[in-house]
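# Residue-level structural notes
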Amino acid sequence: MRAYRHVHTVTFDETNLVGNVYFAHYLHWQGHCREHFLAEHAPGVLKSLADGTLALVTLGCDMTYYEECFALDEIEVLMTLSAVSGNRISMDFDFRRGGVQVARGSQAIACMRRTPTGVAPVPLPAELATALNAFA
């Protein structure tokens, strides 16, 4: 399976008093990876998010940690598509430092549209479906 690759260099502000990366930053990096994927492969989706015609709603996320990371570590975030069902997308994230897996995560999102009464499901935008198919 083809993975989208995003590289992140850990900054000092992402570490805690002990010196290791604070756990919530891994979830933040999942978002960075997802946004860079959209910018590179589905820029029209970003425009739809900006103008309010589309909302990508996070339904759930999960992280498992294997090793600590520290400031200035270069972390490779590999995102793979695990499932598409209706308006929902599930992704897996593999976090590596020097080729060694340091964490693993997953995330599920739904394509929605804001309405006066809340959000309503919408089909995946065609541009996003095409981009995802290249990574299926």
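Residues numbered from 1 in each chain as written. Predicted model: local features only at pLDDT ≥ 70, side-chain atom pairs only at ≥ 80, totals over all residues. Heavy atoms only, no water.

## Comments concerning the pattern of salt bridges
For clarity, the cut-off: Whenever a carboxyl oxygen of Asp or Glu lies within 4 Å of a side-chain nitrogen of Lys or Arg, that contact is scored as a salt bridge. Secondary structure counts use DSSP, requiring at least four H or I residues in a row for a helix and at least two E residues in a row for a strand, with both numbered from the N terminus. Relative accessible area decides the class of each residue, using a 1.4 Å probe on protein chains only: under 20% of the type maximum gives buried, over 50% gives exposed, and in between gives partly exposed.
Taken as a whole and assessed by the stated rule, the structure comprises five salt bridges. The partner of Arg5 in a salt bridge is Glu76, and the shortest N-O contact between them spans 2.5 Å. One end of the pair, Arg5, is in strand S1 (residues 4-9); the other, Glu76, is in strand S3 (residues 74-85), with 71 residues separating them in the sequence. What makes Arg5 partly exposed here is its relative accessible area of 48%. Using a relative accessible area of 21% as the deciding quantity, one classes Glu76 as partly exposed. Arg104 is the partner of Asp92 in a salt bridge, and the nearest nitrogen-oxygen pair spans 3.8 Å. Of this pair, Asp92 sits in strand S4 (residues 88-97) while Arg104 sits in strand S5 (residues 100-115), and the two are 12 residues apart along the sequence. Classification of Arg104 by relative accessible area gives partly exposed; the value is 33%. Ionic contacts of the salt-bridge type, sharing partners, join the residues Glu67, Asp73 and Arg97 into one network.

## Details of the environment of Thr130
Here Thr130 lies in helix H3 (residues 126-133). The exposed category is assigned to Thr130, whose relative accessible area is 56%. The spatial distance from the C-alpha of Thr130 to the C-alpha of Ala42 is 8.5 Å, given a sequence separation of 88 residues.

## Quick word on the packing of helix H1 (residues 24-41) against H3
As a reminder, the rule being used: Under this scheme, a helix contributes an axis fitted over its contacting stretch, all axes are lines through C-alpha atoms, and angles between N-to-C directions fall in the 0 to 180 degree range. We call two directions roughly parallel when the angle between them is under 35 degrees, roughly antiparallel when it is over 145, roughly perpendicular when it lies between 65 and 115, and oblique otherwise. In what follows, a contact means two residues having at least one pair of non-hydrogen atoms within 4.5 Å. Residue polarity is assigned by list, with Asp, Glu, Lys and Arg as charged and Ala, Val, Leu, Ile, Met, Phe, Trp, Tyr, Cys and Pro as nonpolar; anything else, Gly included, falls into the polar class.
Packing of H1 against H3 leaves a shortest axis separation of 10 Å and a crossing angle of 105°. Between H1 and H3, the crossing angle belongs to the class labelled roughly perpendicular. Contacts between H1 and H3 involve Phe37, Leu38 and His41 from the first element and Glu127, Leu128, Ala131 and Leu132 from the second. Class assignment for the residues of the contact of H1 with H3 results in five nonpolar, one polar and one charged.

## Some remarks on the environment of His6
Relative to the helices and strands, His6 is located in strand S1. The exposure class assigned to His6 is buried, which follows from its relative accessible area of 10%. Note: C-alpha distance between His6 and Ala126 (120 residues apart in sequence) is 23 Å. When residues no more than four places from it in sequence are discounted, the contact partners of His6 are His32, Cys33, His36, Ile75, Glu76 and Val77.

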